[in-house]
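Structural features, examined
Residue-level listing of the chains:
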Amino acid sequence: MAPSQRRLDIDGAAHLVLRSGATPLHPEEAALAAMLEGWEVQQRSRRLAPGSIDHGRRLVRRFFSFTGEYPWQWQPRDMEDWTVSMLSGDDPISHATTRNYQLAIRTFMDYLCDPRYGWAEECLARFGTHPIQICHEGNTVKHLAEFEGEPGNRPFSRQELQAFFDHADAQVERARQLGRKGWVAAFRDATLFKVAYAWGLRRREVAKLDIVDFGPNAAAPLLRGYGMLSVRWGKATRGGSPRRRNVCTVMPWAAAAVAEYVEEVRPVYGHPRHPALWLTERGTRISTDYLNLRFAAYREELGLPEELGPHCLRHSYVTHLIEDGFDALFVQQQVGHVYSSTTALYTGVSSDYKNQMVQAALERAFSKDASPKSPQEQP
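So, here's what we can say about the structure. Since the model is a prediction, treat every value here as computed from it, not as a measurement. (Residues numbered from 1 in each chain as written. Predicted model: local features only at pLDDT ≥ 70, side-chain atom pairs only at ≥ 80, totals over all residues. Heavy atoms only, no water.)

This part is about the sheet that holds strand β3 (residues 243-248). The three strands are arranged β1-β2-β3 in an open sheet whose pairing can be described as antiparallel. The sheet terminates laterally at β1 (214-215) and β3, the two strands that pair on one side only. Here strand β2 (residues 228-234) runs beside β3; their pairing, made up of five bridges, is antiparallel. Looking at β3, one finds that Leu-229 is bridged to Val-247. (Pairing = 2+ DSSP bridges. Helix = DSSP H or I, 4+ residues; strand = E, 2+ residues; numbered from the N terminus.)

Right, here's the structure in full:
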């Protein structure tokens, strides 16, 4: 065997995952299973998150079911037909989802086409053909920005946000007046949404919180044990592990709400050893699906626009901090954005704030001795 064709004993190599010995009853299916196994091994060696690996495997299987052919038979037109099918119908997938799906297939084909793993040689020997990269610039979505959310995503106005929280609090009082046990869950839900807003959290981040994630901040002793929040399930980058960040408490009213829930309401569930901050009546952690459903119910009961979703609470946090005069870099670090441009995309300042900025600019321009003023100092 020539040096250029020498097999490499690297994680995910074809000859290491293919079963030797007896000929399988269905060689094509056995080869596909080995490819997926080798790809998983290769990704684990790169320390990718198990969830990302499983997601990629499911998408490859889904693409296989769509085409009815095996990876060494796939052509670029298959990717184009698959994309068109997902963009058609009454419920087309979003721009970001399209790119995510295409990226999974592209990454899988990169693995199969890499000569170091030997899949081309194995497929030629077994099936008379070999896999090719079916994703190219002409048939896939480009990733031009870190933020690819829906255009409809926007922050709550302050009036909408106050109405939402008032409605959530009203459910607690209503259940109490009726003598129902559901007041505990209603209190939990009201506090959950306040935490999502007051610390600028994503849905998964807030659902995964544990009691111990709250801690003191030496710079804010009046907040006691709720001056800092450790977010351990932040959005991962490139399929890696969740990113962690510490978020300073900047809304004292929210710290008081969490303290009341943790110290007085949560013990009613009767599961003191469970680490989760948000418990169900069965003593399990709430899910992001539950969070979505409860938010949608409150939104519909209030008659708020359908474009508002749980993630809009995070948009509101960014916007309101900027309007209240917080430094843009501080806000960026609070929400864990890598780029300041992403934080800017989350910001939708009100017309009142813009008018204040215009007024301040005009005052500086027409007043010889006027010094710059911060937003808090504006009339």
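There's more to say after this.
In the structure shown here, the tally under the stated rule is 24 aromatic pairs. Ring geometry for Phe-156 versus Phe-295: centroids 6.2 Å apart, planes at 80 degrees, classification edge-to-face. With Phe-156 in the loop between α6 (119-127) and α7 (158-177) and Phe-295 in helix α11 (residues 288-302), this residue pair connects regions lying 139 residues apart in the sequence. We note that Phe-156, like Phe-295, is buried. Taken together, Phe-156, Phe-164, Phe-165, Phe-193, Tyr-197, Trp-253, Phe-295 and Tyr-298 form an aromatic cluster joined through their ring pairs. (Phe/Tyr/Trp six-rings, centres within 6.5 Å; stacked < 30°, edge-to-face > 60°. Buried < 20%, exposed > 50% of the residue type's maximum accessible area, 1.4 Å probe, protein only.)

Taken as a whole, this structure holds 19 salt bridges when the rule is applied. Ionic pairing is found between Asp-114 and Arg-116, a salt bridge with its closest N-O pair at 2.6 Å. Exposure remark for Asp-114: the relative accessible area of 15% places this residue in the buried category. Since its relative accessible area comes to 48%, Arg-116 is described here as partly exposed. Between Glu-205 and Arg-202 there is a salt bridge whose closest N-O contact spans 2.6 Å. Each member of the pair, Glu-205 together with Arg-202, is buried. Residues participating in the shared-partner salt-bridge network are Asp-210, Asp-213, Arg-232 and Arg-285. (Salt bridge = Lys/Arg side-chain N within 4 Å of Asp/Glu carboxyl O.)

Per the counting criterion, the structure on display carries one cavity of 30 Å³ or more. Of the pockets and cavities examined, the largest cavity occupies roughly 30 Å³. For the largest cavity, the full set of lining residues is Phe-193, Ala-196, Leu-201, Arg-202, Arg-203, Val-206, Leu-291, Pro-310 and Leu-313. Those elements that place two or more of their residues in the lining of the largest cavity are α8 (183-198) and α9 (203-207). Within the lining of the largest cavity, the residues separate by chemical class into seven nonpolar, no polar and two charged. (1 Å grid on protein atoms, 1.4 Å probe; cavity = no way out; pocket = protein on both sides within 12 Å on 5 of 7 lines; lining within 4 Å. Points joined across faces, edges and corners; volume = space filled by probe spheres on them. Nonpolar A, V, L, I, M, F, W, Y, C, P; charged D, E, K, R; others polar.)

Next up on the list: helix α10 (residues 252-265). Along its 14 residues, α10 runs 19 Å from first to last C-alpha, staying within 8% of the 20 Å computed at 1.5 Å per residue. On its buried side, α10 packs onto α8 and β1. (Expected span 1.5 Å × (residues − 1). Contact = heavy atoms within 4.5 Å.)

Okay, the nonpolar core next. Among the nonpolar cores identified, the biggest contains 56 residues, and Phe-156, Phe-193, Val-195, Trp-199, Val-206 and Trp-278 are the most heavily contacted of them. Counting residues per element, the ones that place at least two in this core are α7, α8, β2, α10, α11, α12 (311-323) and α13 (328-335). Ranked by residue count, the leading element in this core is α8, at 11 residues. Once you skip the residues sitting within four places of it in the chain, Val-195 turns out to touch Gly-200, Leu-201, Val-206, Leu-209, Phe-214, Val-258 and Trp-278. Formed by 31 residues, the second largest nonpolar core is a distinct cluster that contains Val-17, Tyr-70, Tyr-101 and Trp-119. (Core = buried A, V, L, I, M, F, W, Y, C linked by side-chain atoms within 4.5 Å.)

Along the chain, Ala-257 falls in helix α10. C-alpha of Ala-257 to C-alpha of Phe-187: the two residues are 70 residues apart in sequence and 9.8 Å apart in space. If near-sequence neighbours (up to four positions away) are discounted, Ala-257 is found in contact with Thr-191 and Lys-194.

This part is about the environment of Thr-343. As for its placement among the helices and strands, Thr-343 is situated in helix α14 (residues 340-346). Judged by relative accessible area, which is 5%, Thr-343 ranks as buried. The sequence separation of Thr-343 and Val-331 amounts to 12 residues, and the corresponding C-alpha distance is 7.8 Å. Not counting residues within four places of it along the chain, the set of residues in contact with Thr-343 comprises Val-318, Val-331, Gln-332, Val-335 and His-337.

Attention now goes to the packing of helix α4 (residues 76-87) against helix α5 (residues 95-113). Between α4 and α5, whose axes approach to 11 Å, the crossing angle comes to 155 degrees. Of the possible angle classes, the one that applies to α4 and α5 is roughly antiparallel. Both α4 and α5 take part in a crossing whose hand is right-handed. On α5, the residues that touch Met-79, Trp-82, Thr-83, Met-86 and Leu-87 of α4 are Thr-98, Tyr-101, Gln-102 and Ile-105. (Axes fitted to C-alpha atoms, helices over the stretch in contact; angles between N-to-C directions. Parallel < 35°, antiparallel > 145°, perpendicular 65-115°, else oblique. Left-handed = near helix turned anticlockwise from the far one by under 90°.)

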